[in-house]
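Here are the chains, one letter per residue:
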Amino acid sequence: MPGSSEFPSRVVGHFADPNLTIFGDRYFLYPTTDGQAGWVATSFSAFSSADLVDWHDHGVVLRLGEDVKWASTEAWAPTIAVRGTKYFLYFTAESNIGVAVGDSPLGPFTDLGRPLIADGDYSGRAIDPSVFIDDDGSAFLYWGNTEAHMVPLGDDMVSFDSTQVITWTPTDFREAVWVHKRGGIYYLSWSVDDTRDENYRVLYATGPSARGPWEDRGVLLEKVEHRGILATGHHSITNVPGTDEWVISYHRFAIPGGDGFHREIAFDRLHHTADGLIDKVIPLKLPLRIPIQNHQDNNR
Ligand code: FUB
């Protein structure tokens, strides 16, 4: 586990692009496995926790080249969604977006057998999928690099009507679009700059629907140089069900000695304000503990 005692890391090893979600009474985390130049991971692993601090490593849940025949490397940025009894693991592989379906959060997952979105189908690179499911059950897939795309997913979660794809460019957009909703307001957030640059950061906007239009609201998360916390980005935002607790998960250069290929995952609390905005996240030194069941934290 990288990280000094002053800056404890929260998940063992070098990982990035965290997708944090909750199934039942546990957090589940799906990250990119990091630690090699060129981001050449070939599989996806999953972790679970009851409190965001103590994590269980469930090991590899999807292997490129084996479970996924159409790609063998660049296993990046997984995200998971559930509909009914099925779990849908969306992922990037060689700049295509795939999806694999399972009966549990840990699989086994069966790949669609082809990319859901192939490299070149739309502008920019086909990377960094995320799924937002609205209160009425409508599911939306977001993805993109240099340009963002959104499309409503079919009821089967593995198809869409290509005439419904919307493409736009959030301010300074690089990648990692994420949408969440609170109190009728939709929030779009995304990463800016290069994950290898210490200025990698997250901006956000608000809007009246999952399709926007989006009004820029500025920086949500950025480096804190005097704490040595750099390159904070590619996040996900998670609500603890039944509460107004929100967690932002993101990666940063591992501490100490990290860089754009040696990143680690961190969690911080996200505060929505009464006027519908979000306080800028100030990354802190202490690990964030939010037990799902009793919602008590550790003095942060
Ligand atoms: O982890 C590989 C790539 O780096 C991701 O797809 C990007 O979002 C960036 O974090």
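What comes next is a walk through the structure. Since the model is a prediction, treat every value here as computed from it, not as a measurement.

Here's the deal with the environment of Asn199
With respect to the helices and strands, Asn199 occurs in the loop between strand S14 (185-192) and strand S15 (201-207). Owing to a relative accessible area of 30%, Asn199 belongs among the partly exposed residues under this scheme. Apart from residues no more than four positions distant in its own chain, Asn199 is found in contact with Val192, Asp193 and Lys223.

A look at the sheet that holds strand S7 (residues 96-102)
The strands making up a sheet associate through backbone hydrogen bonding, with each pair oriented either parallel or antiparallel. Taken in spatial order, the 4 strands make up an open sheet running S5-S6-S7-S8, and their pairing is antiparallel. Every interior strand has two partners, whereas the edge strands, strand S5 (75-83) and strand S8 (109-111), have only one. Strand-to-strand twist of the sheet, defined as the mean angle between neighbouring strand axes without regard to direction, takes the value 30 degrees. In this structure, S7 lies alongside S8, joined through 3 bridges in antiparallel fashion. The partner of Ala100 across the bridge, within S8, is Asp111.

Quick look at the pattern of salt bridges
When the charged atoms of two side chains with opposite charge come close together, those side chains can pair. Tallied over the entire structure, the rule returns 15 salt bridges. Note that Asp134 and Lys181 form a salt bridge whose closest N and O atoms lie 2.9 Å from each other. Taken together, the residues Asp134 in the loop between strand S9 (130-133) and strand S10 (139-145) and Lys181 in strand S13 (residues 173-182) connect sequence positions 47 residues apart. Residue classification places Asp134 among the buried residues on the basis of a relative accessible area of 13%. For Asp244, the salt bridge is made with Arg182, and the minimal N-O distance between the two is 2.8 Å.

Concerning unusual backbone geometry
Put simply, Gly212 and Pro213 share a cis peptide bond, and its omega is -5 degrees. Here Pro213 lies in the loop between S15 and strand S16 (215-221). The residue after Ile255, namely Pro256, is reached through a cis peptide bond having omega 0 degrees. Summarising the element assignment, Pro256 is placed in the loop between strand S18 (246-253) and strand S19 (263-269). One non-glycine residue, Glu94, lies in positive phi territory at about 50 degrees. With respect to the helices and strands, the residue Glu94 is situated in the loop between strand S6 (86-93) and S7. Unlike most non-glycine residues, Ala176 shows phi in positive territory, near 65 degrees. Mapping Ala176 onto the fold places it in strand S13.

Regarding the site of the ligand
Every residue close to the ligand is listed here: Asp17, Thr32, Trp39, Trp76, Ile127, Asp128, Glu175, Thr195, Tyr200, His234, His251 and Arg263. Between the ligand and Asp128 there is a distance of 2.6 Å, counted from an oxygen atom to a side-chain nitrogen or oxygen. In the complex, 98% of the free accessible area of the ligand, which totals 280 Å², lies under the protein chains. Looking at the shell around the ligand, its residues break down into 4 nonpolar, 4 polar and 4 charged.

A short note on the packing of aromatic side chains
Applying the stated criterion across every chain yields a total of 11 aromatic pairs. Pairing Trp39 with Phe261 gives two aromatic rings, centres 4.7 Å apart and planes at 55 degrees, and the pair type is tilted. Here Trp39 is found in the loop between strand S2 (26-33) and strand S3 (43-49), whereas its partner Phe261 is found in the loop between S18 and S19, with 222 residues between them in sequence. On the numbers, 5.6 Å between centres and 70 degrees between planes, the contact of Tyr122 with Trp143 is edge-to-face. Of the two residues, Tyr122 sits in the loop between S8 and S9 while Trp143 sits in strand S10, which places them 21 residues apart along the sequence. Since its relative accessible area comes to 21%, Tyr122 is described here as partly exposed. On the accessibility criterion, Trp143 (1% relative accessible area) is buried. Three or more aromatic residues joined by ring pairs make a cluster, and in this case those are Phe23, Phe28 and Tyr87.

So, how was this worked out
- Residues numbered from 1 in each chain as written.
- Predicted model: local features only at pLDDT ≥ 70, side-chain atom pairs only at ≥ 80, totals over all residues.
- Heavy atoms only, no water.
- Helix = DSSP H or I, 4+ residues; strand = E, 2+ residues; numbered from the N terminus.
- Buried < 20%, exposed > 50% of the residue type's maximum accessible area, 1.4 Å probe, protein only.
- Contact = heavy atoms within 4.5 Å.
- Pairing = 2+ DSSP bridges.
- Axes fitted to C-alpha atoms, helices over the stretch in contact; angles between N-to-C directions.
- Salt bridge = Lys/Arg side-chain N within 4 Å of Asp/Glu carboxyl O.
- Near = heavy atom within 4 Å.
- Polar contact = N/O pair within 3.5 Å; in protein donor to acceptor, adjacent residues only side chain to side chain.
- Areas by Shrake-Rupley, 256 points an atom, 1.4 Å probe, with all protein chains shown as cover.
- Nonpolar A, V, L, I, M, F, W, Y, C, P; charged D, E, K, R; others polar.
- Phe/Tyr/Trp six-rings, centres within 6.5 Å; stacked < 30°, edge-to-face > 60°.

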